[in-house]
Structures are given as structure tokens and as C-alpha cells.
Amino acid sequence: MHKVSTCHPMLHPKLLELLISLFESEFKELDVLVQLELKKVILDRMVHLLSRGFVIPVVSYVRQCWETKDTDISLIRHFVSEVLDVVAPPYTLEFVQRFLPLIENENITGSIRTEAEHNPITEFITHCHQTFDDL
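Residues numbered from 1 in each chain as written. Predicted model: local features only at pLDDT ≥ 70, side-chain atom pairs only at ≥ 80, totals over all residues. Heavy atoms only, no water.

## Things to note about the overall build of the protein chain
Then step 1. The helix and strand tally for the protein chain stands at eight helices and zero strands.
Then step 2. In sequence order, the protein chain lays out its α and β elements as α-α-α-α-α-α-α-α.
Then step 3. Expected size for 135 residues packed as a compact globule is a radius of gyration near 14 Å; at 15 Å, the protein chain falls within 12% of this value.
Then step 4. Its C-alpha atoms give the protein chain principal-axis dimensions of about 45 × 35 × 25 Å.
Then step 5. Sorting the 135 residues of the protein chain into buried and exposed places 38% on the buried side.
Then step 6. Considering only contacts within the protein chain whose residues lie at least 6 apart along the sequence, 62% involve residues at least 24 apart.
Then step 7. Of the roughly 8,000 Å² of accessible surface on the protein chain, a fraction of 54% belongs to carbon and sulfur atoms.
Then step 8. Distance between charge centroids for the protein chain: 6 Å, based on 12 positive and 20 negative side chains. (Helix = DSSP H or I, 4+ residues; strand = E, 2+ residues; numbered from the N terminus. Rg over C-alpha atoms; globule rule 2.2 N^0.38 Å. Buried < 20%, exposed > 50% of the residue type's maximum accessible area, 1.4 Å probe, protein only. Contact = heavy atoms within 4.5 Å. Areas by Shrake-Rupley, 256 points an atom, 1.4 Å probe, with all protein chains shown as cover. Lys, Arg positive; Asp, Glu negative; His and termini not counted. Charge placed at Lys NZ, Arg CZ, Asp CG, Glu CD.)

Written out as C-alpha cells, the structure is:
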């Protein structure tokens, strides 16, 4: 999948469609913890797709999962953490409008925020509020 998402940008929508289908599949024969780990791997593939330029559709899908409250919050937290590892300013307003509510939600990022000097969550929030007046 990495090779396809890197070399064939025209297939990004189909790749996301496949990943969504896998993410939403039920694997009842697997232990709950194994299911969560599998979904984390699928989210990692979504983050890679995001890193190849398919940003808004990926973030929009995960945001929708959070808004409908049908996805374990630890998976949303994992996604947020992985995205923060691959993104850097400048950010588009569209990206910030979709991603910032996830970052600012205490249920998602509260347990991964640190008091360290270089806290990516605080840095992202601060940067967004300093850069965009509309937030």
C-alpha cells in the first residue's frame, strides 16, 4: 500500500475507500485488543496516505468517526499522535478547521499532553491560534 500511495496519487481515493472498509469491518473472531491493534495498523496506513498529500479526506473521515462516537477514543488518540509526527507548518485553514477540534478535545489529547518544552500538541494549538484569526 505504501508503494501504491507513493507512486500512484490517482489511486488515493480508492486506497482510502479500501482502508475505510477494512477499518469499519468487524473482526469478531479476534480478541478485542487484537482488533484495536489491527485498527491502529489501518490508521497508520491512513496517516501514510495523508503524508502523501491526501490530507483533507483522511482527516475528514477520522473526524467523522470521532463525531459519530462509534470509534474507540484510543484509536482517535493514536491517529492524532501519528499525524502530529508527520505534519509541519504551514498548515492550510481547511486542515486546521478539521484537525484542531480533535487536538483541543481533552478526551483525545489529555492523556498524551506533556509539560515538556517541545510538546507537539501545545505547539500545534498555539501555532494555529497565532496564525488564523478565524478560530
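Once the structure has been displayed, the description carries forward.
## Quick notes on unusual backbone geometry
Then step 1. The peptide bond linking proline 89 to proline 90 adopts the cis configuration, its omega dihedral lying at 5°.
Then step 2. One can find proline 90 in the loop between α5 (73-86) and α6 (93-104).
Then step 3. A positive phi angle, near 55°, is found at lysine 69, a position not held by glycine.
Then step 4. The residue lysine 69 is located in the loop between α4 (55-67) and α5 in this model.
Then step 5. Taking relative accessible area as the criterion, lysine 69 reaches 72% and is therefore assigned exposed.

## Quick notes on the nonpolar core
The nonpolar side chains of a soluble globular protein tend to be buried, and buried together.
Then step 1. Ranked by size, the top nonpolar core spans 39 residues in total, and within it Met46, Phe79, Phe95, Phe99 and Phe124 carry the most contacts.
Then step 2. Elements that contribute at least two residues to this core include exactly α2 (12-24), α3 (32-51), α4, α5, α6 and α8 (120-131).
Then step 3. For this core, the element with the highest residue contribution is α3, accounting for seven residues. (Core = buried A, V, L, I, M, F, W, Y, C linked by side-chain atoms within 4.5 Å.)

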